[in-house]
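One letter stands for each residue in the lines below.
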Amino acid sequence: DIQMTQSPSSLSASVGDRVTITCRASQDIRRDLGWYQQKPGKAPKRLIYAASSLQSGVPSRFSGSGSGTEFTLTISSLQPEDFATYYCLQHHSHLLSFGGGTKVEIK
Amino acid sequence: EVQLVQSGAEVKKPGESLRISCKGSGYDFTNYWISWVRQMPGKGLEWMGRIDPSDPSDSYTNYSPSFEGHVTISVDNSINTAYLQWSSLKASDTAMYYCARRTGDVWGTGTMVTVSS
């Protein structure tokens, strides 16, 4: 099974800050990774697919990078509506797996 | 509009059986596999397993080792619906359950399952 290690598990940031979240895979997953945002009481929403492709309708302040075993989600200028929990998901293996999540809170 | 609409909240007792559903609309249901994802209260997302509706036989169903043997995923293509089923619920099955299309480009509305004596 492929393990996804996400860091940090939580962070505090201010509006306008640049925020970076990392996921590390236990083996090479090429670019078979997506990033998801979840707000309380809501279903997750995909932000990024194929490691760096922006989902239609998602603001351009969100970006993804990486390949192989290390991946990054960056929010270039944090907005009030971005306070949420973020997850990565690998689909390289026939058994998919999520990272543990990163809760982005208001400083 | 592409949608996955899930069945409503359930309250069950330990040992009871349950089947929840996920109905797709707005796209060719057989072209996209469906995953099920668990979220226990206050916790993260856990991938449970998936099924390829183009061939709903067992060989096209994958389960996470954490869930294999405890749940069954199935599909009825005649009504564009995927199912997640338990034969004997435990209190630890209390969670929100989501279905998702393919790698999560579309998510279901979620079904809250509460198991309590």
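See the structure shown above.
Residues numbered from 1 in each chain as written. Chains lettered and ligands numbered in written order. Predicted model: local features only at pLDDT ≥ 70, side-chain atom pairs only at ≥ 80, totals over all residues. Heavy atoms only, no water.

Draft legend 1. Seen up close, the overall build of chain A. Looking only at helices and strands, one finds zero helices and 11 strands in chain A. Reading the helices (α) and strands (β) of chain A from amino to carboxyl end gives β-β-β-β-β-β-β-β-β-β-β. The C-alpha radius of gyration of chain A comes to 13 Å, within 12% of the 13 Å expected for a compact globule of 107 residues. Based on the C-alpha atoms only, the size of chain A along its principal axes is roughly 35 × 25 × 25 Å. (Helix = DSSP H or I, 4+ residues; strand = E, 2+ residues; numbered from the N terminus. Rg over C-alpha atoms; globule rule 2.2 N^0.38 Å.)

Draft legend 2. Examining empty space enclosed by the protein more closely. All chains considered together, the criterion is met by one cavity of 30 Å³ or more. Taken as a whole, the largest cavity holds about 40 Å³ of empty space. Forming the boundary of the largest cavity are A:Leu89, A:Leu96, A:Phe98, B:Ser35, B:Val37, B:Trp47, B:Ala100, B:Arg102, B:Thr103, B:Gly104 and B:Trp107. Residue composition of the lining of the largest cavity, grouped by class: seven nonpolar, three polar and one charged. (1 Å grid on protein atoms, 1.4 Å probe; cavity = no way out; pocket = protein on both sides within 12 Å on 5 of 7 lines; lining within 4 Å. Points joined across faces, edges and corners; volume = space filled by probe spheres on them. Nonpolar A, V, L, I, M, F, W, Y, C, P; charged D, E, K, R; others polar.)

Draft legend 3. Just the sheet that holds strand β3 (residues 19–25) of chain A, in detail. Residues and elements named next belong to chain A. With respect to topology, four strands assemble into an open sheet ordered β1-β3-β8-β7, the strand pairing being antiparallel. Two strands lie at the open edges of the sheet, namely β1 (4–7) and β7 (62–67), each paired on one side alone. With direction set aside, neighbouring strand axes in the sheet form an average angle of 15°. Two strands pair when backbone bridges link them, and β3 and strand β8 (residues 70–75) are joined in this way by six bridges, in the antiparallel orientation. Opposite Val19, over in β8, you have Ile75 as the bridge partner. (Pairing = 2+ DSSP bridges. Axes fitted to C-alpha atoms, helices over the stretch in contact; angles between N-to-C directions.)

Draft legend 4. Geometry of the environment of B:Trp33. Position of B:Trp33 relative to the elements: it lies in the loop between β3 (18–25) and β4 (34–39). Accessibility expressed as a relative area gives 18% for B:Trp33, which makes it buried. Considering only alpha carbons, one finds B:Trp33 and B:Asp105, 72 residues apart in sequence, at a separation of 11 Å. Those residues in contact with B:Trp33 that lie beyond four places of it in its chain are A:Leu96, B:Arg50, B:Ile51, B:Asp52, B:Pro53, B:Ala100, B:Arg101, B:Arg102 and B:Thr103. (Buried < 20%, exposed > 50% of the residue type's maximum accessible area, 1.4 Å probe, protein only. Contact = heavy atoms within 4.5 Å.)

Draft legend 5. Geometry of the state of the cysteines. Residue and element names in this part refer to chain B. Inspection of every chain in the model, using the stated rule, returns two disulfides over all chains. Here Cys22 engages in a disulfide with Cys99; their sulfurs sit 2.1 Å apart. Measuring handedness by torsion sign, the sulfur bridge of Cys22 and Cys99 sits at about 80° and is right-handed. On the criterion of sequence distance, the pair formed by Cys22 in strand β3 and Cys99 in strand β9 (residues 95–101) is long-range, its members being 77 residues apart. Assigned by exposure class, Cys22 and Cys99 land together as buried. (Disulfide = S-S within 2.5 Å.)

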